[in-house]
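Chain residues, written in single-letter form:
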Amino acid sequence: MAPRLYAALYIRKSNETEEQKSLKDQIAEGREYCKRMGWTLRDEHIFIDEESAYLKPAEKRQSFIEMVNLACAKKPLFSRVVVWKVDRFARRTHDGFKYWQMLADNDVELFSMTQTFGEGAGGKLNLGIHFMMAEYYSDDLSENVKRGLRRASLLGYWTSSKAPFGYERYSDDDKNYRLRIVEKDAAIVRHMFECSTKGWGLRRIGAKVGFSDGRVWSTLHNENYTGDRIQRSNTNREKVLLRVPNAHPAIVTKTIFEKAQRCLRSRDRAKNREAVTDSMYKGILKCMCGSAMRKSTVRPGRGRTNGYVYYQCRAKMGGSGCLSANVREDKITALLLDLIADKLFSDKAIKKMYKLAETKRQNGDLEKATRHLHRELADNKGQQRRLIEM
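Quick notes on the rules
Residues numbered from 1 in each chain as written. Predicted model: local features only at pLDDT ≥ 70, side-chain atom pairs only at ≥ 80, totals over all residues. Heavy atoms only, no water. Helix = DSSP H or I, 4+ residues; strand = E, 2+ residues; numbered from the N terminus. Buried < 20%, exposed > 50% of the residue type's maximum accessible area, 1.4 Å probe, protein only. Contact = heavy atoms within 4.5 Å. Areas by Shrake-Rupley, 256 points an atom, 1.4 Å probe, with all protein chains shown as cover. Pairing = 2+ DSSP bridges. Phe/Tyr/Trp six-rings, centres within 6.5 Å; stacked < 30°, edge-to-face > 60°. Lys NZ or Arg CZ within 6 Å of the ring centre and 35° of its normal. Axes fitted to C-alpha atoms, helices over the stretch in contact; angles between N-to-C directions. Parallel < 35°, antiparallel > 145°, perpendicular 65-115°, else oblique. Left-handed = near helix turned anticlockwise from the far one by under 90°. Nonpolar A, V, L, I, M, F, W, Y, C, P; charged D, E, K, R; others polar. Core = buried A, V, L, I, M, F, W, Y, C linked by side-chain atoms within 4.5 Å. Salt bridge = Lys/Arg side-chain N within 4 Å of Asp/Glu carboxyl O. Patch = residues over 30% accessible without salt bridge, like charges linked within 9 Å, V, L, I, M, F, W, Y side chains within 5 Å.

**Examining the overall build of the protein chain**
Secondary structure summary: the protein chain contains 13 helices and eleven strands in total. When each of the 390 residues of the protein chain is scored for burial, the buried share is 34%. Here the analysis covers contacts within the protein chain between residues at least 6 apart in sequence; of these, 55% occur between residues at least 24 apart. In the form shown here, the protein chain has an accessible surface area of approximately 25,500 Å², with 51% of it arising from carbon and sulfur atoms.

In structure tokens:
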């Protein structure tokens, strides 16, 4: 009697408009397929991801990773993985081959209910073609979606699933959405901008309206409150990808918005001036392992009358195993001053300076040697003055 073969069924939600299969249909067809092939499919080996692979990469699909981990166990509970189509397994060619190889290395085979691959090198090539077609379709679908969203935005529709605080979405054609003002919330937004134009800081505004500093910051920088539809690059917030004037009702005027931005920039510049000494060694210090050093502060308290600043290895903080110790900033400054004094003000440095002048004098250029000596002395005094100012 032939040994019983066990299978696992992996299904996920589909976003395609054609040949769309619900999760329920995929399960029913998967059971029928396994029965037809003579394989045993247990309920606990049906893995379901309700988010599309188009929206979520393979490594972030929880049920998919659970299935792969079980398939790669020393004694896997199943030797077949069944999907409706290859694109349900992975949308990216790299992901598809990566996880297919992990299964194959543990003698677990991948099967599709609607596609055949064959065996050997030809089967692997055929599988690769299916993976590449799935990736092409995914990329093409993404481009079509972006074009559709851009067209809708140009017509004044709000394409995001979430409206900014102070607005709500409403549909005027059962398909596309526009924004309208929620006056109760809009009054809070206007008050935040008003406080900002008076010079209030983020923390003070947040305490007044019950928002976090981050939420206050994002609200005050959201140009959509002026009535224009603004889309910015995710990687460079200064880059505007789309601007549609007067796409929805404005909560604040453009004049108020620009005044708030000037006040925010003014406060930022003031903070930067105050923090000049805090960044004395920023971007300069490196650990012996090659990683950058990060500044930390120990505040007064618990028996300490004065706080202090120290630097620690970023890699060590991340658990790299670096053995370097933390270094106090005052000790770094003392060491730096000793090095500068040794290089600029030591007897050796002064003797070297006079020796060079004497050499020039002996060569017959006394006037040039004198000018050089005066210039060196002036530079030396300037360096001393700058060091004292530090």
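**Considerations on the side chain of Ser 324**
Residue position: Ser 324 is located in the loop between helix H10 (314-317) and strand E11 (327-328). Not counting residues within four places of it along the chain, the set of residues in contact with Ser 324 comprises Cys 287, Met 288, Cys 313 and Lys 316.

**Focus on the pairing of strand E5 (residues 167-171)**
Relative to strand E6 (residues 177-181), E5 runs antiparallel, the two being bridged by five bridges. Residue pairing for E6: Ser 171 is matched across the bridge by Tyr 177. The turn joining E5 and E6, which pair antiparallel and follow one another in sequence, is formed by five residues; a positive phi near 65° is taken by Asp 174.

**A look at the packing of aromatic side chains**
One pass over the structure, following the stated rule, counts eleven aromatic pairs. Considering the side-chain rings of Phe 64 and Phe 89, the 5.2 Å spacing of their centres and the 70° angle between planes classify their relative orientation as edge-to-face. One end of the pair, Phe 64, is in helix H2 (residues 62-71); the other, Phe 89, is in helix H3 (residues 86-89), and 25 residues separate them in sequence. Just as Phe 64 is buried, Phe 89 falls in that class too. Centroid distance Phe 193 to Phe 257: 5.9 Å. Interplanar angle 40°. Geometry classified as tilted. Linking Phe 193 in helix H6 (residues 183-197) with Phe 257 in helix H9 (residues 254-274), this pair joins segments that are 64 residues apart in sequence. There is no split in this pair, since Phe 193 and Phe 257 are both buried. Chaining the aromatic ring pairs together yields one cluster made of Tyr 10, Phe 64, Phe 89 and Tyr 99. Above the face of the Phe 165 ring, Arg 215 is positioned so that its terminal group lies 4.9 Å from the ring centre.

**Points about the packing of H6 against helix H7 (residues 202-209)**
Between H6 and H7, whose axes approach to 10 Å, the crossing angle comes to 150°. With respect to their mutual orientation, H6 and H7 come out roughly antiparallel. For the pair H6 and H7, the crossing hand works out as right-handed. Residues Ile 188, His 191, Met 192, Cys 195 and Ser 196 of H6 pack against Ile 205, Lys 208 and Val 209 of H7. Residue composition of the contact of H6 with H7, grouped by class: five nonpolar, two polar and one charged.

**A look at the sheet that holds strand E9 (residues 293-298)**
Paired through backbone hydrogen bonds, the strands of a sheet run either parallel or antiparallel to each other. Judged by pairing direction, the sheet is antiparallel, and its three strands sit side by side in the order E9-E10-E11 without closing on themselves. Edge strands, defined here as strands with exactly one partner in the open sheet, are E9 and E11.

**A few points about the nonpolar core**
Inside soluble globular proteins, nonpolar side chains tend to come together where they are buried. By size, the foremost hydrophobic cluster in this structure holds 22 residues, and its most contacted members are Phe 64, Met 67, Phe 89 and Leu 110. Contributions of two or more residues to this core are made by strand E1 (6-12), H2, strand E3 (80-83), H3, helix H4 (93-105) and helix H5 (120-154). Among the elements that line this core, the one with the most residues is H2, at four residues. Here Phe 64 is in contact with Tyr 10, Asp 49, Ala 58, Phe 89 and Tyr 99, once residues within four sequence places are set aside. Membership of the second largest hydrophobic core comes to 21 residues, among which are Trp 158, Leu 179, Ala 186 and Trp 200.

**Considerations on the pattern of salt bridges**
Inspection of the entire model under this criterion finds ten salt bridges. Among the salt bridges present, the one from Lys 254 reaches Asp 228, with a minimum N-O distance of 3.4 Å. Within this pair, whereas Lys 254 is found in helix H9, its partner Asp 228 is found in the loop between helix H8 (213-220) and strand E7 (229-232), the two being separated by 26 residues in sequence. Note on Lys 254: relative accessible area 40%, which makes it partly exposed. A residue is classified by how much of its surface remains accessible, and Asp 228, at 3% relative accessible area, is buried.

**A few points about the side chain of Ser 79**
Take Ser 79: it is sitting in the loop between H2 and E3. With a relative accessible area of 19%, Ser 79 lands in the buried category. With near-sequence residues (within four places) excluded, Ser 79 lies in contact with Leu 5, Tyr 6, Asp 107, Val 108 and Glu 109.

**Topic: the packing of H7 against H8**
H8 packs onto H7 with a crossing angle of 100° between their chain directions and a minimal axis gap of 8 Å. With respect to H8, the element H7 is oriented roughly perpendicular. Contacts from Leu 202, Arg 203, Ile 205 and Gly 206 of H7 reach H8 at Asp 213, Val 216, Trp 217 and Leu 220. In terms of residue class, the contact of H7 with H8 is built from five nonpolar, one polar and two charged.

**Digging into a nonpolar patch on the surface**
A cluster of nonpolar side chains, Leu 125, Ile 129, Met 132, Met 133, Tyr 136 and Tyr 137, forms an exposed patch at the surface whose accessible area comes to about 640 Å². Assignment of secondary structure puts Leu 125 in helix H5.

**Considerations on the environment of Ser 212**
Here Ser 212 is to be found in the loop between H7 and H8. By relative accessible area, which is 44% here, Ser 212 ends up partly exposed. Here the alpha-carbon distance between Ser 212 and Leu 202, two residues ten residues apart in the chain, equals 8.4 Å.

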